[in-house]
Each structure stands twice: as C-alpha cells, then as structure tokens.
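Architecture and fold: a report
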Amino acid sequence: MSAIVVGHKNPDTDSIVSAIAVADFMSKRGVTAVPYAQGKVPPETAFVLERFGFAAPALLPSVAGQKLILVDHSDRGQAPEDLDKAELLGIVDHHKLGDITTSSPLFFWAQPVGCTCTVIKGMYDFYGIEIPRNIAGIMLCAILSDTLIFKSPTTTDEDRKAVQTLARIAGVEDYAALGMEMFVVKSAVAGVPGRELLFRDYKDFEMNGKKVGVGQLEVVDLGLLDGVKDDLRKAVQEAKAEGRHTVMLLLTDIMKEGSELLLCSDDAELGKKVFTTADTWLPGVMSRKKDVVPKLEAAFK
C-alpha cells in the first residue's frame, strides 16, 4: 500500500515536518508513504530542513484516486481541493476537530498539545519505532516553532518532555539557541511583499457560514515590521475583498509576548467583541489556536 501525507495550505514548519515524520513512521509500519506540501515552504522551514539535511517536499499534485493522510489539520478549508476524490486513511493533529468526515474507518491521533510533532513523538513511542536522528532534529524544531520556545499558552508538559528527548536524539545541546536562530530567520521581512507575508502563516475558517481568515506573523521585535506595515494593511484589505467576511492578521512579538492586530471585517465591532477592547495591542495573545479562533467562533455563533 502507498499513501500521500500532507499538511494544511500555506504550510508552516509543523505542517511540513509532520508530513515528513508521518511518512517515515508509516513506511516503517508497512505503508509506503511520501510527504508533500500544499505550498512553498516559508523561510523558517527552509532553514530547519537545510539544517538537518532535508529537501522541501514536492508540491501536492491531485489527490484523486490516492490514499491520503492529513497532518496538522482536519478542516476542509485547509485540505486538498479534491479531498472527496481520495481515500482518507488517517489524520494526525493537535487542533480543534474540524469538519472533515469519512465514509470508512480511519486512524486518528490527536492530543491537546502545542505541536503535531509532539503527537507524532508519542506515535513512535507507542509502537516502539526508533526516531532517526535527522527526523528528531526537525521535529524538535517544529515544537520549538509552534510553542514559541515554550512561550505560547498552548505549551504542555508533553511538549517540554518531547523537546528534551528529541534534542538528545538529534545531538542538539542548546535547543533554546536553535529556537532563537529559527526566529531570527522567521523575522526577516525586508523586501517581502505584504501579501506573501500575510499568507506565510494563514488559515481560512468557515464560521457560521462566513469565510474568516486568520494570519499570524511572528517576529522577535515588532519594530522590524515598521517598514512593511502599510503593505500588510493593504494585503489584509485585499484578502477581505476576495469574498471573505473577515481577515485578521496577528503581528506577534515573541519577546514582548503579545500581538498587534490588523483587522478588516464586515463587522466594524468584531475586534472589540472578540478581545473586549478597541486597542490594537493585545498583551498575552500569542496563539491563533488558543487565544483567537475559539473567541472568533463564539462571536460568530
């Protein structure tokens, strides 16, 4: 049996690394699996892959007639367009349960942890499969990225334990320093068009019949975005005009542990409804998954 493994659209480091790791895991369990990507890998992910000797996965072709495993998402809006023409074998995720359904049984691994790679670490452990050194390295980086080196409110003890073990396997002595290297790469925005920055880490959601987009741009210092903020506002407005009810972009300062909000919506009061303030600086708001999407969904009910 063979299968395709792929993460969500506009892939981030966890999405790409999870596809690579699950493909390795499944291949060692008798399913020949190949990782793919639903978009160009962002700079941080390219840095991580190069650091541990991986090439970026190929762009996803049509999945029609293929056996498919989804990682880091279970929402139809983030899945391949022709999902209904594929046979879904499984899902590995750490987000809320999405709206994908199946007509046949599937394997489903999910935990409320900070990163899909923490879930995958548990899968390797459960079946007694050794994690290769290079895969341990990229999984380590994915957890550091998704948890913002444990600054994110989504961080759990399981994430911290996984990082300790993966760092040991990968031969990484100072994982915090590695994480900061990644964030410096992620913070490089000079010369990058606003639209590309908006969609670097972006997801569309269906909320009560309305299309809502939420992007997040994480940097080590918000001052790095001063020269591109006008372009980002324009990109948010243009994305909203493409048929969305709302587009929200979080400009997250990793060191100050908060986010500045750029918002364009049919509902002029949406920002205040969601965050109970008209201020654009949101202290402590670090996670789209935990700090933003649940509150947005409540506002749209």
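These remarks concern the structure in this document. Nothing here was measured: the structure is a model prediction, and the numbers come from that model.

Glancing now at the overall build of the protein chain. Broken down by element type, the protein chain carries 10 helices and 11 strands. What you see for the protein chain is a C-alpha radius of gyration of 19 Å, in line with the 19 Å of a compact globule of 301 residues. With the C-alpha coordinates of the protein chain rotated into their principal frame, the extents come out at 55 × 45 × 35 Å. The burial tally for the protein chain puts 56% of its 301 residues in the buried class. Restricting the contact set of the protein chain to residue pairs at least 6 apart, pairs at least 24 apart contribute 63%. Summed over its atoms, the accessible surface of the protein chain is roughly 12900 Å², and 51% of this surface lies on carbon and sulfur atoms.

A few words on helix α10 (residues 288–300). Within α10 the residues assigned to the buried category are Arg288, Asp291, Val292, Val293, Leu296 and Phe300. Buried residues in α10, looked at end-on, bunch into an arc of 155°, giving them a common side. Those residues of α10 hidden inside the fold are in contact with β7 (202–207), β8 (210–219), β9 (246–253) and α9 (270–275). For α10, the N-terminal cap is Ser287; the gap from its side-chain oxygen to the backbone nitrogen of Lys289 is 3.3 Å.

Let us now look at the sheet that holds strand β6 (residues 107–110). If you walk across this open sheet you meet the 6 strands as β3-β2-β1-β4-β5-β6, and the pairing is parallel. Every other strand in the sheet has two partners, leaving β3 (58–59) and β6 as the edge strands with one partner each. For strand β1 (residues 2–9) and strand β2 (residues 32–38), the ladder comprises 6 bridges, and the chain directions are parallel. Bridging across to β2, Ser2 finds its partner in Thr32. The strands touched by helix α1 (residues 13–27) are β1, β2, β4 (67–71), β5 (87–93) and β6; relative to β2, the strand with the most contacts, the crossing angle is about 170°. Strand contacts of helix α3 (residues 116–126): β5 and β6, with the helix running at about 105° to β5, the strand carrying the most contacts.

Neighbouring strands of a sheet are bound in pairs by backbone hydrogen bonds; such pairs are parallel or else antiparallel. With mixed pairing, the 5 strands of this open sheet are ordered in space as β7-β8-β9-β10-β11. Edge positions in the open sheet fall to β7 and β11 (281–283), since each of these has one partner strand only. With direction set aside, neighbouring strand axes in the sheet form an average angle of 25°. By the bridge criterion, 8 bridges tie β9 to strand β10 (residues 258–265) in an arrangement that is antiparallel. Pairing of Leu250 across the sheet is with Leu261, part of β10. Set on the sheet, α10 makes contact with β7, β8 and β9; between it and β8 the angle comes to about 160°.

Analysis parameters
- Residues numbered from 1 in each chain as written.
- Predicted model: local features only at pLDDT ≥ 70, side-chain atom pairs only at ≥ 80, totals over all residues.
- Heavy atoms only, no water.
- Helix = DSSP H or I, 4+ residues; strand = E, 2+ residues; numbered from the N terminus.
- Rg over C-alpha atoms; globule rule 2.2 N^0.38 Å.
- Buried < 20%, exposed > 50% of the residue type's maximum accessible area, 1.4 Å probe, protein only.
- Contact = heavy atoms within 4.5 Å.
- Areas by Shrake-Rupley, 256 points an atom, 1.4 Å probe, with all protein chains shown as cover.
- Arc of directions from axis to C-beta.
- Polar contact = N/O pair within 3.5 Å; in protein donor to acceptor, adjacent residues only side chain to side chain.
- Pairing = 2+ DSSP bridges.
- Axes fitted to C-alpha atoms, helices over the stretch in contact; angles between N-to-C directions.

Without other data, these values stay purely geometric and don't point to any function.
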